[in-house]
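Structure at a glance
The lines below spell out each chain.
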Amino acid sequence: MKLGRLNHVGVATPSIEASIAFWRDVMGAQDIRAPFDMPAQGVRVCFVDTPNGQIELIEPLGEASPIHSFLAKNPAGGQHHLCFEVPDIRAAKAWFEGQGKRVLGEPRIGAHGTLIFFLHPADMGGVLTEIMETPEGEGH
Ligand code: CO
């Protein structure tokens, strides 16, 4: 497998609205996309564009959201995951599994509309790692 581009850094937050204000007013972000809900994943998401990648703001959505436990440990929010692109999601899954890395669930459609999966942080140097099939036609 050949590692692709760092697509985004996931940042969990108790309030996307408050985080948008932070990225706009403190960090000077000029291009902040509209937040949207992903009910199947239990998250509300907002992308902040930077010149060479994105910040993915993640707020819990619903009682079963996987973000609740993270925020219980990190009440102010914090860095949650890194996401890297690969050309072929199935090949990447087989590659990581072949090295004994735990893939969390089956590949599913992520916030960018392409297939993604997560790798267990305990197998990845402590970093929750998202692998994403490169979005078609994305030149960034
Ligand atoms: Co992500």
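Structure report, in brief. (Residues numbered from 1 in each chain as written. Predicted model: local features only at pLDDT ≥ 70, side-chain atom pairs only at ≥ 80, totals over all residues. Heavy atoms only, no water.)

Here the focus is the overall build of the protein chain. Within the protein chain one finds three helices and nine strands. Counting from the amino terminus, the protein chain carries its helices and strands in the arrangement β-α-β-β-β-β-α-β-α-β-β-β. For a compact globule of 140 residues, the expected C-alpha radius of gyration is about 14 Å, and the protein chain comes in at 15 Å, within 12% of that figure. Each of the three principal axes of the protein chain carries a C-alpha extent, and together these read 45 × 35 × 25 Å. Long-range contacts, defined here as pairs at least 24 residues apart, represent 52% of the contacts in the protein chain between residues at least 6 apart. Element-wise, carbon and sulfur atoms account for 56% of the exposed surface of the protein chain, whose accessible area totals about 7500 Å². The distance from the centre of the 11 positive side-chain charges to the centre of the 17 negative ones in the protein chain is 5 Å. (Helix = DSSP H or I, 4+ residues; strand = E, 2+ residues; numbered from the N terminus. Rg over C-alpha atoms; globule rule 2.2 N^0.38 Å. Contact = heavy atoms within 4.5 Å. Areas by Shrake-Rupley, 256 points an atom, 1.4 Å probe, with all protein chains shown as cover. Lys, Arg positive; Asp, Glu negative; His and termini not counted. Charge placed at Lys NZ, Arg CZ, Asp CG, Glu CD.)

Considering all chains together, one arrives at seven salt bridges under this definition. Lys93 is the partner of Glu106 in a salt bridge, and the nearest nitrogen-oxygen pair spans 3.7 Å. In this pair, Glu106 sits in strand β7 (residues 103-109) while Lys93 sits in helix α3 (residues 89-98), placing the two residues 13 residues apart along the sequence. We classify Glu106 as exposed; its relative accessible area is 51%. Between Arg102 and Asp123 there is a salt bridge, with its nearest N and O atoms 2.8 Å apart. Residue Arg102 is found in the loop between α3 and β7, and its partner Asp123 is found in the loop between β8 (115-119) and β9 (129-133); the two are separated by 21 residues along the sequence. Taking the relative accessible area as the measure of exposure, Arg102 reaches 42% and is therefore partly exposed. Connected through shared salt-bridge partners, Lys93, Glu97 and Glu106 make up one network. (Salt bridge = Lys/Arg side-chain N within 4 Å of Asp/Glu carboxyl O. Buried < 20%, exposed > 50% of the residue type's maximum accessible area, 1.4 Å probe, protein only.)

Protein-derived ligands of the cobalt ion are His8 (NE2), Glu56 (OE), His81 (NE2) and Glu130 (OE), with the metal-ligand distances lying across 2.0 to 2.2 Å. In this structure, the cobalt ion is coordinated by four donor atoms arranged in irregular fashion, with angles at the metal of 84 to 169°. Going along the chain, you hit the donors of the cobalt ion in the pattern H-x47-E-x24-H-x48-E. Of this pair, Glu56 sits in strand β5 (residues 53-60) while His81 is found in strand β6 (residues 78-86), placing the two residues 25 residues apart along the sequence. Judged on exposure class, the residue Glu56 and its partner His81 are both buried. (Donors = N, O, S within 2.8 Å, 3.2 Å for Na, K, Ca; no water. Tetrahedral: all angles 85-135°; square planar, octahedral: opposite > 155°, others 65-115°.)

What follows concerns the pairing of β5. Within β5, eight of the eight residues are buried, which leaves it mostly tucked inside the rest of the structure. Here β5 shows two buried faces, one formed by Gly53, Ile55, Leu57 and Glu59 and the other by Gln54, Glu56, Ile58 and Pro60. Inspection of the sheet shows strand β4 (residues 43-50) paired to β5 by eight bridges, in the antiparallel sense. Its bridge partner being in β5, Thr50 is matched across the sheet by Gly53. Counting the residues in the hairpin turn of β4 and β5 gives two residues. (Pairing = 2+ DSSP bridges.)

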